[in-house]
Amino acid sequence: MPYESAIVMLRDGNGNEYACQILDIFDFLERQYALLLKQSGESLVIMRMISRDEGSVFQVIEEHDEFDQVVAH
């Protein structure tokens, strides 16, 4: 399945789950990032993506400088 049609379930800091469609996966600054469309409210989310043996892990970008650079990219 192409990633553009993939839906992933993410969990926020309060333990609430929400669905996101993967719109794009891209490399920047030797890291991989994902552009996601949050299905409820239809807002865009950018997260760092880390590949693991069992799949991928999505991480919130906590550093403001890194986030600003990724958004500008």
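Anything mentioned here points back to the structure above.
Anyway, here's the lowdown on the structure attached to this text. (Residues numbered from 1 in each chain as written. Predicted model: local features only at pLDDT ≥ 70, side-chain atom pairs only at ≥ 80, totals over all residues. Heavy atoms only, no water.)

Digging into the pairing of strand β2 (residues 17-28)
In terms of strand pairing, strand β1 (residues 7-11) meets β2 through five bridges, oriented antiparallel. By the bridge assignment, Leu-10 is partnered in β2 with Tyr-18. Here eight bridges tie β2 to strand β3 (residues 31-38), and the two strands are oriented antiparallel to one another. Bridge pairing links Ile-25 to Ala-34 in β3. Counting the residues in the hairpin turn of β2 and β3 gives two residues, including Leu-29, whose phi is positive at 55°. (Pairing = 2+ DSSP bridges. Helix = DSSP H or I, 4+ residues; strand = E, 2+ residues; numbered from the N terminus.)

A look at the sheet that holds β3
The five strands are arranged β1-β2-β3-β4-β5 in an open sheet whose pairing can be described as antiparallel. In the strand order of this sheet, the two ends are held by β1 and β5 (55-59), each with one partner. Strand-to-strand twist of the sheet, defined as the mean angle between neighbouring strand axes without regard to direction, takes the value 50°. In the packing of helix α1 (residues 64-72) onto the sheet, the strands contacted are β2, β3 and β4 (44-52), and the crossing angle to β4 comes to about 105°. (Axes fitted to C-alpha atoms, helices over the stretch in contact; angles between N-to-C directions. Contact = heavy atoms within 4.5 Å.)

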